[in-house]
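Coordinates in review
Letter by letter, the chains look like this.
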Amino acid sequence: MQTATTPHSVAIPDTVPHLLYPYRLQTVAVLGAGVMGAQIAAHCVNAGLTTYLFELPAEGEDLNANVKKAIHLLSKAEPSPLGIKADAQQIHPANYQTDLALLTRCDLVIEAIAERPDLKQKLYQQVVPYLAKDAILASNTSGLPLSLLVQSLPEAVQPRFCGLHFFNPPRYMHLIELTATPVTQAGLLDALETALTTRLGKGVLRAKDTPNFIANRIGVFSMMAALYHAERLQIPFDVVDALTGTAIGRPKSATFRTADVVGLDTLVHVVQGSAHILKNDPWHQYYQVPAWLQQLVSQGALGQKTRCGVYRKTAEGITVLDLAMQNYRLADQQPDAEVKAILKLRDWGEKLAALRASSHPQAQFLWAIQRDVFHYAAYWLADIAETARDVDLAMRWGFGWQIGPFEIWQAAGWQTVANWLTEEIATEKTMSTEALPAWVSNITQAHTVAGSWSPSAQNYLPPPQLPVYQRQYYPPTVLGSMPAERGQVVFENGDVRLWHRGDGIAILSFLTKMHTVTAAVLDGIQESLSIAERDFIALVIWQDSEPFSAGANLEQLTPNMMQGDFATVEAIVAQFQQTSLCLRYAQVPVVAAVRGLALGGGCEFLMHCDRVVAAFESYIGLVEVGVGLIPAGGGCKELAERAAKAFPDDPFLVLKHDIMRVGMGTVAKSAREAQAMGFLQAADIVMMHSDEVLHVACQQARLLAEANYQAPKPSRIKVAGRDGLATVQMQLVNMRDGGFISEHDYVIGCHLASVMCGGDVDAGTEVEAEWLLHLERKAFMELLGSEKTLARVGHTLKTGKPLRN
């Protein structure tokens, strides 16, 4: 590996053998401050990268006014592209007139301007003289030929140019398509894939330089097939959405709701752009904008951004455009019972066979869109991707499908579906009469233990083998591939499993739904800690799927609550607190590996661990007030203790904010925000890639163990006392009298403040942790005896939503 010639540039190796970090990504520039470019910059800031965002210079004195406006809008966008909204100020504004010299500091320059080759090539001519010697220049184009774009670059830069296609919104969509040109330097893509995976937390797939690459090629066709067959069979738009969402493993927004969210004008642009670049596609005739869609756009009904599109919100409710009526009506039509029954079939073979056999138009619609996607994906696989795995993961990561097209085909029976397709192609029932490629009849499945089918290799190829993927102990799999073994089980009680990978570190996983905390989970944690202290050097708590934990299983306690058996409930609460203390004072280090939700009791558990390794997309908070209770698993005690350590002279400076957050049931919208809120500590580690969390947690546990770990000693906690309580109560009275909270909210808030301030004691009094735990239990049980709290619990269990009474 060569040495960089400037402090900010990075040499790209010709090959990348045996190196985990061949390319250390530190500084990024994004060219173009439109919605996509700005949000790419935001995600780079999420990852802790120094980030410059460039835009055309504005008129007037402040040349950066345009880009500053784009940055400001990032802090207003929902869902937020930033882990912490205030981090928008970490993006450095820049313009092409005065700031191009900043590019010399950048390791990676991402172009994200309009999809016009002439504009992109003109911009390249501007920025190339300022690129660092070893910097990578990448285009975020969603479908323009990279072989065309690279021609405008000097020969010295061409080997460092590639495609880097993010999906919208960049923070939340896992996929990046990485595409080489014929002259891209060997090893550059390996280096960049490594950096994008571990630094940005992305799922990287190699695409071939073909129109729309992988995900958009299949995804846009899937959309066009749905539009075509819906119009052909006269299926109402709201029924189409009911059929093409979660019922078939696709996002809840389905077809037309997705179009409204994306923007109908954007959809028209995508369709027209696809029609332009896919002139040799046998399905080209279907890339046409329907007349009704063109009319909506011409009328300014662009979807969600104009509050009117396929759907429109009115005083009567959500309405939908009905082509038969040529007007809007309530969006209340549902699939017929016959089709609903078919969709409930779990076996894909039975489901597709039933849809194909049915004469019902809705069933015919569903079979047709699946059939045509199978046909299209098989026909183009060799041109757009290396393996069937790439297509399936592209649709899962880029379009939010739960299962990819080749996975569905394989689950339904490879040869059976192939025969159906061949028959319907021959009888001209499909959108195209192009024959299936020969390889379809030569294999019996797309994915095997050995790998996924590659038409170009005429063999099954394994997943990428870059060293960075060794950090993912349990990487994503496709149907038919062999998942990584989960290790050797040491202990199991039905609700938890303790196991290990042969490295001396015990791993504890919950087996309950949503990884909720039951009495058996509490027993299992304590037993697992005893085993770990005896036989292992450390314990890691990790779930094999999200969430980390949705908290206590209130449903299990409901019979006791309804029967007035509060003694049993209090005993379980006491057991919960004891379990938290066991985690805190274990004789081996305990590390929580968190992905997804960690709410209520789940949050309290991780707060009692020695270290937390959390995926960036972790959503953490104490939410018990939503059911009329307060945290009683040690969470109040822990926040009071942390406040006392942070500001021993006046803990209330921190505590007043903690009380407000817990009292409002605030959930951090990223792990970074959880650190800012105090649910995670400064020493806790945030990982951008959720599949690396277990690896890093085990490494952290080992480091603690090898540093001669000693369990913390209990200490007295200085509390805010009645002075702090009085201040909070005054605020609560104002909120109640102003109509911002209910009377019962006021009661809950007073209980919460009393516990977190240490009860009726003088400010600055030092108390034992057990005193705060006693206050937690007492307040919890008093609230549980309230009819209004029981009503909140019952309503939440029944509807899944909070009740404010």
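As a reminder, the structure under discussion sits directly above these lines.
Heads up: these notes are all about the structure in this document.

Let us now look at the pattern of salt bridges. Applying the stated criterion across every chain, the model contains 40 salt bridges. In this structure, the salt-bridge partner of Glu407 is Arg396, at a minimum N-O distance of 3.1 Å. Residue Glu407 is found in helix α15 (residues 405-412), and its partner Arg396 is found in helix α14 (residues 388-399); the two are separated by 11 residues along the sequence. For the pair Glu407 and Arg396, one class covers both residues: buried. In this structure, a network of salt bridges that share partners links the residues Arg356, Arg371, Asp372, Glu423 and Glu424.

Throughout the structure, instances matching the rule amount to 25 aromatic pairs. A centroid spacing of 5.6 Å and a plane angle of 35 degrees characterise the contact between Phe374 and Trp409, whose relative ring orientation is tilted. Of this pair, Phe374 sits in helix α13 (residues 361-384) while Trp409 sits in helix α15, placing them 35 residues apart in sequence. Taking relative accessible area as the criterion, Phe374 reaches 1% and is therefore assigned buried. The rings of Phe374, Phe406, Trp409, Trp414, Trp439, Trp453 and Tyr460 are connected pair by pair, giving a single aromatic cluster.

Strands in a sheet are paired, the pairing made by backbone hydrogen bonds, and the direction either parallel or antiparallel. Overall, antiparallel pairing links the 3 strands, which are arranged β9-β10-β11 in an open sheet. Every other strand in the sheet has two partners, leaving β9 (311-314) and β11 (327-330) as the edge strands with one partner each. Neighbouring strand axes in the sheet, compared pairwise and without regard to direction, differ in orientation by 40 degrees on average. Inspection of the sheet shows strand β10 (residues 317-322) paired to β11 by 4 bridges, in the antiparallel sense.

Here Glu424 shows up in helix α16 (residues 414-426). Judged by its relative accessible area of 4%, Glu424 falls in the buried class. Beyond its immediate chain neighbours, meaning those up to four positions away, Glu424 contacts Arg356, Trp367, Arg371, Lys429 and Thr430.

Formed by 132 residues in total, the largest nonpolar core has its most connected members in Leu53, Leu108, Leu164, Phe510, Leu606 and Leu655. Among the elements that line this core, the one with the most residues is helix α28 (residues 769-784), at 8 residues. Those residues in contact with Leu164, other than ones at most four positions away along the chain, are Leu108, Ile110, Ala138, Ser139, Asn140, Ile176, Glu177, Leu178, Leu192 and Leu196. Counting residues in hydrophobic clusters, the runner-up holds 117 residues, among them Phe161, Ala226, Phe237 and Trp439.

The end-to-end C-alpha distance of helix α26 (residues 721-737), which contains 17 residues, comes to 24 Å, matching closely the 24 Å that a straight helix rising 1.5 Å per residue would cover. Within α26 the residues assigned to the buried category are Gly721, Gly724, Leu725, Val728, Leu732 and Met735. Along the long axis of α26, the arc covered by the buried residues comes to 95 degrees, so they all point the same way. Along α26, the residues that are exposed and aim more than 90 degrees away from the buried face are Met730, Asn734 and Asp737. Of the surrounding elements, those touching the buried residues of α26 are α23 (652-663) and α27 (743-756). Gly739 sits one or two residues past α26 and shows a positive phi near 80 degrees.

What follows is about helix α5 (residues 188-198). Across the 11 residues of α5, 10 count as buried, placing the element largely inside the fold. For α5, every residue scored as buried is listed here: Leu188, Leu189, Ala191, Leu192, Glu193, Thr194, Ala195, Leu196, Thr197 and Thr198. Contacts made by the buried residues of α5 are with β4 (108-111), β5 (136-139), β6 (161-166), β7 (175-180) and β8 (203-207).

The 7 strands are arranged β15-β16-β17-β18-β19-β20-β21 in an open sheet whose pairing can be described as mixed. Since the sheet does not close on itself, it has two edges, and those belong to β15 (488-492) and β21 (685-687), each with one partner. In this sheet, adjacent strand axes meet at a mean angle of 25 degrees when their direction is disregarded. Across 8 bridges, the pairing between strand β19 (residues 590-599) and strand β20 (residues 611-621) is parallel. Of the residues in β20, the one forming a bridge with Gly596 is Ser618.

It is worth spelling out unusual backbone geometry at this point. For the bond running from Asn168 to Pro169, omega is 0 degrees, close enough to zero to count as cis. One non-glycine residue, Phe213, adopts positive backbone phi at about 55 degrees. The topology assignment puts Phe213 in the loop between β8 and α6 (215-233).

Right, let's talk about the environment of Glu706 for a bit. By the secondary structure assignment, Glu706 is in helix α25 (residues 693-706). The exposure class of Glu706 is exposed, given its relative accessible area of 56%. Measuring from C-alpha to C-alpha, the distance between Glu706 and Leu752 comes to 40 Å, with 46 residues separating the pair along the chain.

Quick notes on the rules
- Residues numbered from 1 in each chain as written.
- Predicted model: local features only at pLDDT ≥ 70, side-chain atom pairs only at ≥ 80, totals over all residues.
- Heavy atoms only, no water.
- Salt bridge = Lys/Arg side-chain N within 4 Å of Asp/Glu carboxyl O.
- Helix = DSSP H or I, 4+ residues; strand = E, 2+ residues; numbered from the N terminus.
- Buried < 20%, exposed > 50% of the residue type's maximum accessible area, 1.4 Å probe, protein only.
- Phe/Tyr/Trp six-rings, centres within 6.5 Å; stacked < 30°, edge-to-face > 60°.
- Pairing = 2+ DSSP bridges.
- Axes fitted to C-alpha atoms, helices over the stretch in contact; angles between N-to-C directions.
- Contact = heavy atoms within 4.5 Å.
- Core = buried A, V, L, I, M, F, W, Y, C linked by side-chain atoms within 4.5 Å.
- Expected span 1.5 Å × (residues − 1).
- Arc of directions from axis to C-beta.

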